[in-house]
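# Examining the three-dimensional arrangement
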Amino acid sequence: MVYDVVIIGGGFGGLVCGSMLSQAGKHVLVLERQAQAGGCIQSYRHGSLSFDTGLHYVGGLAEGQKLRQVFDHLGLSRLPWHHLDADGFDMVTIGNDTFPLSEGYNHFIDTLSDYFPNERKGLQQYTDMLRHVDDIYYGSSEALKMMGINAYDYLYTTLHDPLLVNVLSGSAMKMELRRESLPLFTFAHGNSSYIQSSWRLRGHGNMIVKVLTDNIRANGGEVLCHSEVEELVEKEGKIRAAKCKNGESFEGQLFISDVHPTVTLALVKESLMLKKVFRKRMENLENTFGMFTVSLVLKPKVLRYFNHNKYVYRKPNVWTFHEESNGVGGVMISARVPETGDYVQQIDLLTPMPWSWCQRWENTRLGNRGDEYLAMKNHLCDECVSLAETVIPGLSTMVSECLTSTSLTYRDYNNAPQGTAFGVRKDNSNPLMTMLSTRTPIPNLLLTGQNLMLHGLEGVAMTAISTCMEILGADYLRIIIKDMDSKKQFKFS
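Here's what I pulled together on the structure shown here. (Residues numbered from 1 in each chain as written. Predicted model: local features only at pLDDT ≥ 70, side-chain atom pairs only at ≥ 80, totals over all residues. Heavy atoms only, no water.)

## Thoughts on empty space enclosed by the protein
Counted by the stated rule, this structure contains four cavities of 30 Å³ or more. The volume enclosed by the largest cavity comes to roughly 190 Å³. What lines the largest cavity is a set of 17 residues, among which Asp-52, Leu-55, His-56, Arg-336 and Asp-348 lie closest to the centre. Listing elements by their share of the lining of the largest cavity, those giving two or more residues are strand 4 (49-52), strand 9 (198-201), strand 16 (330-335) and strand 17 (346-353). Taken together, the residues of the lining of the largest cavity break down into eight nonpolar, five polar and four charged. Lining the second largest cavity are 13 residues, and of these Leu-182, Thr-186, Thr-288, Val-424 and Lys-426 lie nearest its centre. Split by residue class, the lining of the second largest cavity holds five nonpolar, four polar and four charged. (1 Å grid on protein atoms, 1.4 Å probe; cavity = no way out; pocket = protein on both sides within 12 Å on 5 of 7 lines; lining within 4 Å. Points joined across faces, edges and corners; volume = space filled by probe spheres on them. Helix = DSSP H or I, 4+ residues; strand = E, 2+ residues; numbered from the N terminus. Nonpolar A, V, L, I, M, F, W, Y, C, P; charged D, E, K, R; others polar.)

Here it is, written out as structure tokens:
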């Protein structure tokens, strides 16, 4: 059998591509190396509870907003999404002060202007920029232009109060804040949709995975787990088959890779099309840092649910705290929406984890890393809980069980080099080298996923649309996002 499209990797990007293409009549096969698909949006069971690996909240799901239109098309809007507090979907605590980030651009400005009355003009300019970014699509010349602007410099040019810069950046732990290289487009795209509207899923991430895999199968496609691709076989300048470690081989007309570009190219062992200079370029790409995650199970009825995320920093050093070596300086706190009642049962604490923190164990595998590794995790866990206690007093006494994961965990489960949480690091000084196209030198091998330009659910969904446009064309996909001038805005020049 020769499939129309073979997709390597069943992460969110691969599943969105598979769902869209199968809905359009393509015979699709998704090959996933793990026991279940989903990548960073999947959940796992521990005892009687489900724990998410990367999904905490999403933005832009209100009626008419961009991600809502995509989710409507995919059938994801019908899931039980829970609207976060419009008066403060994120609460940013720096030292002893807490600042709410409110839903709606005007409400956002009004709320922060109460704390920073002299910065209203700068806040208006900032939100005008965010509105503009929301209308820019992947691969457009305007996106490339904004990729060349440094986010840190923009903020300090637009605003006068350093504390406000830290507040606006404080909820951006969902990306890598890097002063010298983070593009404004990446920063803005990672924040704008949340101000429009912010949502949590009442339940676990596998609900998303199930909808997408059910879509694919209902449309005649297949999703095969325990199917790790070890080689993409090229003949006469095109990929002809995906060869798996279990001995199976699958032929296709087109191939899409949802795994890291360097991992993808390593699968093409012999090629007439992949030149050494291109391989070298991909190999030299830097990766964003990983995340250290603490998943806490709380005792019954000890903490009431809070309908927002908490971002807590010891000092006003939001852009640099992860570079310092004097302990955990910042943490994100996210509570699972209770299935019943008003009390929280599960909380996640997250803090950036540079690869250097765990590099000494890079040649180990899950469950066999040794006592020093466990001691390192326990120490970081204690520091995360201690910092979280500054806004949730007595949290350590509420915990009945604690689970942790590191950059190494992400690496091993998601095949992400160095456990990168947000994919390839973008560089405003060299955007053309770090903003990757969906196309490759092999004409029937396409890329998708967070490594190309944008990460997060919205970013990966928009990237998947761009990948699918290479196959289905702009006219078909214009029906997904009603105001999309897709041919102009998605194509690379």
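The rest of the description comes next.
## Considerations on the environment of Asn-363
You can see Asn-363 is positioned in the loop between strand 17 and helix 12 (371-388). Owing to a relative accessible area of 75%, Asn-363 belongs among the exposed residues under this scheme. A C-alpha to C-alpha distance of 9.8 Å links Asn-363 and Leu-408, two positions 45 residues apart in sequence. (Buried < 20%, exposed > 50% of the residue type's maximum accessible area, 1.4 Å probe, protein only.)

## Overview of the sheet that holds strand 5 (residues 58-59)
As summarised here, the arrangement of the three strands in space is 5-9-6, forming an open sheet in which the pairing is antiparallel. Looking along the sheet, the strands with just one partner apiece sit at the ends: strand 5 and strand 6 (81-83). Here three bridges tie strand 6 to strand 9, and the two strands are oriented antiparallel to one another. Counterpart to His-82 in the pairing with strand 9 is Arg-200. (Pairing = 2+ DSSP bridges.)

## Brief notes about the pattern of salt bridges
Tallied over the entire structure, the rule returns 18 salt bridges. One salt bridge connects Asp-52 with Arg-336, and the closest N-O pair in it is separated by 3.7 Å. Linking Asp-52 in strand 4 with Arg-336 in the loop between strand 16 and strand 17, this pair joins segments that are 284 residues apart in sequence. As far as burial versus exposure is concerned, Asp-52 and Arg-336 are alike and both buried. With a shortest N-O distance of 3.0 Å, Glu-63 and Arg-68 are connected by a salt bridge. (Salt bridge = Lys/Arg side-chain N within 4 Å of Asp/Glu carboxyl O.)

## Things to note about the packing of helix 4 (residues 120-134) against helix 6 (residues 151-158)
Between helix 4 and helix 6, whose axes approach to 9 Å, the crossing angle comes to 145°. Between helix 4 and helix 6, the contacting residues are Gly-122, Gln-125, Tyr-126 and Met-129 on the first element and Tyr-154, Leu-155 and Thr-158 on the second. Partitioned by chemical class, the residues of the contact of helix 4 with helix 6 number four nonpolar, three polar and no charged. (Axes fitted to C-alpha atoms, helices over the stretch in contact; angles between N-to-C directions. Contact = heavy atoms within 4.5 Å.)

## What to know about the pairing of strand 1 (residues 2-8)
Buried residues dominate strand 1, accounting for five of its seven residues. Relative to strand 13 (residues 249-257), strand 1 is paired through six bridges, and the arrangement is parallel. Among the inter-strand pairings, Val-6 is bridged to a residue of strand 13, identified as Phe-255. Relative to strand 2 (residues 28-31), strand 1 runs parallel, the two sharing four bridges. Counted as the bridge partner of Ile-7 is Val-30 from strand 2. The handedness of the strand 1 to strand 2 crossover, carried by helix 1 (residues 12-23), is right-handed. (Right-handed = clockwise from strand over helix to strand, strands pointing away.)

## Here's the deal with the sheet that holds strand 15 (residues 309-313)
Spatial strand order, 8-7-15-16-17-14-18: seven strands in an open sheet with mixed pairing. One side of each edge strand has no neighbouring strand; the edge strands of this open sheet are strand 8 (97-101) and strand 18 (399-405). The mean angle between the axes of side-by-side strands here comes to 20°, regardless of whether they run parallel or antiparallel. In the sheet, strand 7 (residues 90-94) pairs with strand 15 via five bridges, with the strands oriented parallel.

## Section: the packing of aromatic side chains
With the rule as written, the count across this model stands at 12 aromatic pairs. An angle of 40° between the planes, with centres 5.9 Å apart, marks the rings of Phe-71 and Trp-81 as tilted. One end of the pair, Phe-71, is in helix 2 (residues 66-74); the other, Trp-81, is in strand 6, and 10 residues separate them in sequence. Both residues of the pair, Phe-71 and Trp-81, belong to the buried class. With a centroid separation of 6.1 Å and an interplanar angle of 65°, the aromatic rings of Phe-289 and Phe-422 are classed as edge-to-face. Taken together, the positions of Phe-289 in the loop between helix 11 (276-283) and strand 14 (290-298) and Phe-422 in the loop between helix 14 (407-414) and helix 15 (431-434) put the pair 133 residues apart, joining distant regions of the chain. Grouping residues by exposure puts Phe-289 and Phe-422 together as buried. An aromatic cluster is present here, built from Tyr-152, Tyr-156, Phe-187 and Trp-319 joined pairwise through their rings. (Phe/Tyr/Trp six-rings, centres within 6.5 Å; stacked < 30°, edge-to-face > 60°.)

## Observations regarding the pairing of strand 17
For strand 17, a buried count of eight out of eight residues is recorded, marking the element as mostly surrounded by other parts of the structure. In the sheet, strand 14 pairs with strand 17 via eight bridges, with the strands oriented antiparallel. For Gly-290, the partnering residue across the bridge sits in strand 17 and is Met-353. Relative to strand 17, strand 16 runs antiparallel, the two sharing four bridges. Residue pairing in the sheet places Ile-333 in a bridge with Leu-349 of strand 17.

Note that all results are geometric; they support no functional claim without further evidence.
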